[in-house]
Structure formats: C-alpha cells, structure tokens
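Fold and contact review
So you can see what is in the structure, the chains are spelled out below.
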Amino acid sequence: VKKHIVRAQGTANNPGYIAVIQKNGMVRISSTRRPNAQARRLQSFGKDTLLLWYGFTENMLEAKKVAMKHFEDYRIRGDWLDVPADQVILHLKRY
C-alpha cells in the first residue's frame, strides 16, 4: 500500500484519507479517518479484497466527491467502479 498526499479544495474542513480498494476486479473509492483500521476491517472480507493505495487530504469528502464525478461513467453500484485501479490512483494523485 502506497501513501500519498492529495490536495483537495472546498470550504469544509474534513481532513482524512482517500483509499482505493479492489475486489473481484472492481475498484472502490473510500474515505476514512483511520486507514489502518480500515485495512484491518478489509481483511475480514477475504483475500480478494485489497487496500491498494491511500492518501491524506484536507477535505476527504470533497476529494471523494470529485473523484466519483470524474469516474461516474464507470460506476457499477454505490462507490464501486469498473475501471483500472491505476487510473483511479493516478487521478487522485493529480487532484
């Protein structure tokens, strides 16, 4: 898992982490204040669920909202996307 700092813009101050999770070929963009706890929780979902990347942002909710908007054409259901994980990670690093 690689850690990165994400620059988010917005008025709300919701510092935290944006995470990229992969399961069965699908990718999920997640937000959390505690990435280590999230990683432990994901272990209970089985070996096919992986925390691939996470980055700190000053506004995790805004960063996730912008990313989900960018990938809206790839949305399967909820926060799950049918898009290569490296594309999502690259987008979040640029943001």
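Here is what the cut-offs are and how they apply
Residues numbered from 1 in each chain as written. Predicted model: local features only at pLDDT ≥ 70, side-chain atom pairs only at ≥ 80, totals over all residues. Heavy atoms only, no water. Helix = DSSP H or I, 4+ residues; strand = E, 2+ residues; numbered from the N terminus. Buried < 20%, exposed > 50% of the residue type's maximum accessible area, 1.4 Å probe, protein only. Contact = heavy atoms within 4.5 Å. Areas by Shrake-Rupley, 256 points an atom, 1.4 Å probe, with all protein chains shown as cover. Arc of directions from axis to C-beta.

With that settled, consider the overall build of the protein chain. When helices and strands are counted, the protein chain shows three helices and six strands. Across the protein chain, helices and strands are ordered from the amino to the carboxyl terminus as β-β-β-α-β-α-β-β-α. Within the protein chain, the fraction of its 95 residues that count as buried is 41%. When contacts within the protein chain are restricted to residue pairs at least 6 apart in sequence, long-range pairs at least 24 apart make up 71% of them. About 5900 Å² of surface is accessible on the protein chain, with carbon and sulfur atoms providing 48% of the total.

Of the positions making up helix 3 (residues 85-94), those classed as buried are Ala85, Val88, Ile89, His91 and Leu92. Within helix 3, the buried residues cover an arc of 160° as seen down the axis, which keeps them to one side. When the buried face of helix 3 is taken as reference, the exposed residues oriented beyond 90 degrees from it are Asp86 and Arg94.

Glancing now at helix 1 (residues 35-43). Looking at helix 1, one finds that the buried residues are Pro35, Gln38 and Leu42. The buried residues of helix 1 occupy an angular sector of 55° when the element is viewed end-on, so they sit on one face. Of the exposed residues in helix 1, the ones pointing more than 90 degrees away from its buried face are Asn36, Arg40 and Gln43. Against the buried residues of helix 1 lie strand 2 (16-23), strand 3 (26-32) and strand 4 (49-57).

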